[in-house]
Amino acid sequence: MGAHKLLFSELKLWTSGGGGWIARLHKGGCGKASLSSCSPKVCIVGSGPAGFYTAQHLIKARQDVEVDIYERLPVPFGLVRFGVAPDHPEVKNVINTFTQTAKHSRCSFYGNVNVGKNVSITELQQAYHAVVLSYGAEGNRSMGVPGEDLAGVYSAKDFVGWYNGLPSCRELSPDLSCETAVILGQGNVALDVARILLSPIDILKKTDITQPTLEALAESQVRRVLIVGRRGPIQIACTIKELREMVNLPDTRPDMVAADFDGVKEALKDLPRPRKRLTELMLKTALEVPGEKEQERRSKASRTWGFRFFRSPVEVLAEPGHSRIAGIRLAINKLEGSGDGAQAVLTGEVEDVPCGLVVSSIGYKSLPIDPSVPFDSRKAIVPNTMGRVKQAAGLYCSGWLKTGPTGVIATTMNNSFDTARSILEDMDSGTLDMSAAKPGSQSISALLEKRGVEPVTFSDWEKIDNVEMKRGESRGKPREKLLTVEEMLHVAWT
Amino acid sequence: MAASAAVRSSMGLTLRLSRVIPDCSTCPLFRLKCNAKNVANLQRRGSFDSLRTINRHLQTSIGDVNVVYIDRSGQRIPVKAKVGDNVLYLAHKHGIDLEGACEASLACSTCHVYVSAAHFDKLREPEEREDDMLDMAPMLQENSRLGCQIILTPELDGIELTLPKVTRNFYVDGHVPKPH
């Protein structure tokens, strides 16, 4: 892309949002592309940030690329819609950028298409010059401890899916009638779950959190949330923004174990800036004697939250004679080494914590969706080099499926741009054979029709979008999400 | 005008003043040349150039700020901006590839830029929320700021904003799992 001479023409500002990337589109030269006889057709599987950022980069870089995005659900945007917490609406602004991409003349969205079931990767490869797998991580890492399947134990992935209206999590109905909830894991997802469990309803009811969740939380008896990690404060995986939100959460007070922070102050000076600022805030919250005003605020608080360090789950304990959870047994660890590389080592001691709700937030996990695609089950990713799937010509991957399930939207953006660059390089170098024209969506649509599958177009999604926003309006919410695929399809096709 | 009068009274410069001083500020070549040299060089070159500089300041309309973006391939893109312009949206206006995923609401770090050393201290101190988001940006440096938080002032004339090169190697070398 650097080799192209760029002239820019100012296109009309796209939206009131300030133009976005369409206005920045350069009318580029075609370079080597002018030698090929057909327009390259690329298929992207998954319509979350990875899919959309890969599409955006491809469309911007070459004037002849056409991109089709396939999505299993009738609605796009993946974890931006189903993962980002309801009280983080600004993070969802990226949807405006993705909407511009979807509405570009060289981009098409096909929702309600299950790749792997309705159509195979092989069939997609026959129809497109390149196929990009961006379907993320829909599974979760299990704790691998006895009692994990007891009622009252949930994965954070399902819990988050439930409060965000993911259709497959609609029936979760977590029991919130207990006083103490224990969250395993101390990343941002764990903090999101803690915050949603403890936020005042008055704040949540103005967000796009689902109505059933709101009703459940209004009845919730949960008053104390412990966020548990295997290692120490310096290894905590969350970031400062989320920690600050907990510290400032109305009607709550922090409840930490001072001894967990031994030696942390001394280690501060050697830490890089992001880690240092985060650790300083934790130390302040855990150890500093609060001023009068803060002391008063804390004494009036009706809910508590706290970190517990050096603890690993070994068993979920059931109420005798019942299949409901009564508590969790935690092994006590000590740290060997320091910094990022520190290891948690068992000491042999255990501790039982009574609780009625356990949320396991130890990581999402990608799953294989098609036997023809290489999959590394140990790392749970598609093996690749710079986004090029190993031993599979014409197949690429981006997002969490490529690098594993960590990273915020900005990380995924860079990751996806990298994959797009690999594809563009391969187009320019001839590694991707583009000598023959490919039918693209024409043949896939015909296949889907034969199989009785009707795709949801982007305008169909906009109908769903409008209905959700309208329903939200009467409740003072940005939207009231439709909670079942059936409802979504009904609105899409009416 | 006071500046010219003061100079005119100085004997040594009277001769030079009689030359026609062209209105250089409207010529793109002049601007390009000025941007290519740094201010220190200009100041070193003697009285004629100081005069030209004064002249330029008198001729340039109030509210102009010269900005240079340096994109990921190292290409320098000079841009004429106005006081009050937002660095992120200015980049968009001129086709520069600076993402702004959260639309300037301090909820991402995609508009991360490196600010030229001479101007970094002239920026308003970042608020806590900006520092929090900056902490998430890959390849954070001492002179990192979020573009959406930089509003141009007259003191920022000549500011250079470099887009971080987040290269492929970022994931290969010492990849550290990021939070999510």
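The name given to chain B in an unreviewed UniProt entry is Ferredoxin-2, mitochondrial, with the source organism recorded as Pundamilia nyererei. Recorded in UniProt for chain B, the comment headed Subcellular location (unreviewed entry) runs: "Mitochondrion matrix". The UniProt entry for chain B carries the following comment under Sequence similarities (unreviewed entry): "Belongs to the adrenodoxin/putidaredoxin family."

The name given to chain A in an unreviewed UniProt entry is NADPH:adrenodoxin oxidoreductase, mitochondrial, with Pundamilia nyererei as the source organism. Under Pathway (unreviewed entry), UniProt gives the following word-for-word description of chain A: "Steroid metabolism; cholesterol metabolism." Within the UniProt record for chain A, the comment given under Sequence similarities (unreviewed entry) is "Belongs to the ferredoxin--NADP reductase type 1 family."

**Student:** Can you walk me through the nonpolar core in this structure?
**Tutor:** Soluble globular proteins tend to pack their nonpolar side chains together in the buried interior. All names here are of chain A. In terms of nonpolar packing, the biggest core is built from 55 residues, with Leu197, Val225, Ile227, Trp305 and Phe307 touching the most fellow members. Of all the elements, helix 6 (residues 188-198) adds the most residues to this core, at eight residues. No fewer than three residues from each of domain 1 (41-138 + 366-456) and domain 2 (140-364) sit in this core. Excluding anything up to four places from it in sequence, Ile227 contacts Ile183, Gly185, Gln186, Ala190, Leu191, Ala194, Trp305, Gly306, Phe307 and Arg308. By size, the runner-up hydrophobic cluster in this structure holds 50 residues, among which are Phe52, Ala55, Val94 and Met427.

**Student:** How do you make sense of the interface of chain A and chain B when you look at a structure like this?
**Tutor:** Many descriptions give the size of an interface as the accessible area lost when the pieces come together. Contact with chain A, which involves 43 residues of that partner, is made by 34 residues of chain B. Where chain A meets chain B, there are seven salt bridges. For the salt bridge of B:Glu128 with A:Arg244, the shortest nitrogen-to-oxygen distance reads 3.0 Å. Counting the contacts that link chain A with chain B gives 13 residue pairs in polar contact (both at pLDDT 80 or more). For the side of chain A that touches chain B, the secondary-structure elements that each account for two or more residues are helix 1 (49-61), helix 3 (94-103), helix 6, helix 9 (240-247), helix 11 (273-287) and helix 14 (409-429) of chain A. Ranked by the residues each element gives to the side of chain A that touches chain B, the list is headed by helix 14 of chain A, at 10 residues. Of the residues in the side of chain A that touches chain B, the class split is 17 nonpolar, 14 polar and 12 charged.

Thresholds, definitions, all that
Residues numbered from 1 in each chain as written. Chains lettered and ligands numbered in written order. Predicted model: local features only at pLDDT ≥ 70, side-chain atom pairs only at ≥ 80, totals over all residues. Heavy atoms only, no water. UniProt positions renumbered as here; feature names shortened; annotations may be inferred. Core = buried A, V, L, I, M, F, W, Y, C linked by side-chain atoms within 4.5 Å. Buried < 20%, exposed > 50% of the residue type's maximum accessible area, 1.4 Å probe, protein only. Helix = DSSP H or I, 4+ residues; strand = E, 2+ residues; numbered from the N terminus. Domains from an automatic or database assignment. Contact = heavy atoms within 4.5 Å. Salt bridge = Lys/Arg side-chain N within 4 Å of Asp/Glu carboxyl O. Polar contact = N/O pair within 3.5 Å; in protein donor to acceptor, adjacent residues only side chain to side chain. Nonpolar A, V, L, I, M, F, W, Y, C, P; charged D, E, K, R; others polar.

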